[in-house]
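# Residue-level structure breakdown
Residue-level listing of the chains:
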Amino acid sequence: MNSKRIYLLIIASFLFCGTTMFSATPNDSIKSQTPAEILPLGKTLYENSCVRCHKLKEPGNYTQEQWPGIMDKMQKRSRITDEQKATILTYLLSEAKKDVKTVE
Ligand code: HEC
């Protein structure tokens, strides 16, 4: 019982440190944690799937908070698979506008 608690505490503090690191450099942490081939693939998919109706939007014009909701809407419009959506989203998040509020 007791050791389980300590274990959870360790996990919790690990997660806490992790989040702090994330918010300090959100874009860099995505870049360092994503397999190397994913970001270029996401970029290509983005450039191919998202120009049909409007010009490509700058990834850096939107924050990491905004992109997931936008991608939900745009996935339906561009008829991409969930996997393609996730790959594009990873690319967009790695280039997203840095939200100054999350850096503390
Ligand atoms: C079938 C047409 C179509 C396709 C394909 C499409 N979009 Fe859009 N997109 C629109 C329209 C129409 C709007 C403006 C209306 C709106 O915001 O709902 C828009 C708006 C946007 C905006 C601005 C949203 C805002 O709230 O300011 C972004 C960013 C965007 N699209 C990204 C994408 C991405 C990323 C893709 C590829 C996954 C994509 N779009 C594919 C039609 C499309």
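For the structure given in this document, a descriptive report is provided here. Remember, predicted model here, so these are calculated numbers, not experimental data. (Residues numbered from 1 in each chain as written. Predicted model: local features only at pLDDT ≥ 70, side-chain atom pairs only at ≥ 80, totals over all residues.)

A tally of helices and strands in the protein chain yields five helices and zero strands. Of the regular secondary structure in the protein chain, the N- to C-terminal order runs α-α-α-α-α. When contacts within the protein chain are restricted to residue pairs at least 6 apart in sequence, those whose partners lie at least 24 apart make up 84%. (Helix = DSSP H or I, 4+ residues; strand = E, 2+ residues; numbered from the N terminus. Contact = placed C-beta atoms within 7 Å.)

The next thing to look at is the environment of Glu-65. On the secondary structure map, Glu-65 appears in the loop between helix 3 (38-49) and helix 4 (67-78). When the 12 C-beta atoms within 10 Å are taken as the criterion, Glu-65 is described as exposed. For the pair Glu-65 and Leu-93, spaced 28 residues apart in sequence, the C-alpha to C-alpha distance is 9.0 Å. (Buried ≥ 20, exposed ≤ 12 C-beta atoms within 10 Å, placed from the backbone.)

The next thing to look at is the packing of helix 3 against helix 5 (residues 82-94). Packing of helix 3 against helix 5 leaves a shortest axis separation of 8 Å and a crossing angle of 105°. Taken together, helix 3 and helix 5 sit at an angle that is classed as roughly perpendicular. Every residue of helix 5 that contacts helix 3 at Ile-38, Leu-39, Leu-41, Gly-42, Lys-43, Leu-45, Tyr-46 and Ser-49 is listed here: Gln-84, Thr-87, Ile-88, Thr-90, Tyr-91, Leu-92 and Ser-94. Partitioning the contact of helix 3 with helix 5 into residue classes produces eight nonpolar, six polar and one charged. (Axes fitted to C-alpha atoms, helices over the stretch in contact; angles between N-to-C directions. Parallel < 35°, antiparallel > 145°, perpendicular 65-115°, else oblique. Nonpolar A, V, L, I, M, F, W, Y, C, P; charged D, E, K, R; others polar.)

Remark: helix 2 (residues 26-33) packs on helix 5, axes separated minimally by 8 Å, with the N-to-C direction vectors making an angle of 135°. Put simply, helix 2 runs oblique to helix 5. Residues Asn-27, Ile-30 and Lys-31 of helix 2 form the contact with helix 5, whose participating residues are Thr-90, Leu-93 and Ser-94. In terms of residue class, the contact of helix 2 with helix 5 is made up of two nonpolar, three polar and one charged.

To continue, consider helix 4. The buried count for helix 4 comes to one of twelve residues, which makes it a mostly uncovered element. Within two residues after helix 4, Arg-79 carries a phi angle of roughly 50°, on the positive side.

What follows covers the site of the ligand. The environment of the ligand is formed by 14 residues, the closest being Cys-50, Cys-53, Met-74, Arg-77 and Ser-78. The leading source of residues in the shell around the ligand is helix 4, at five residues. Taken together, the residues of the shell around the ligand sort by class into seven nonpolar, three polar and four charged. (Near = placed C-beta within 6 Å.)

A word on the environment of Ser-32. Looking at where Ser-32 falls in the secondary structure, it is placed in helix 2. Put simply, Ser-32 and Ser-94 are 62 residues apart on the chain and 9.7 Å apart in space, counted from C-alpha to C-alpha.

Counting nine residues, the largest nonpolar core is built from Ile-30, Tyr-46, Trp-67, Ile-88, Leu-89, Tyr-91, Leu-92, Leu-93 and Ala-96. Per element, the largest residue contribution to this core is five residues, and it comes from helix 5. Beyond its immediate chain neighbours, meaning those up to four positions away, Ile-88 contacts Gly-42, Leu-45, Tyr-46, Ser-49 and Met-71. (Core = buried A, V, L, I, M, F, W, Y, C linked by C-beta atoms within 7 Å.)

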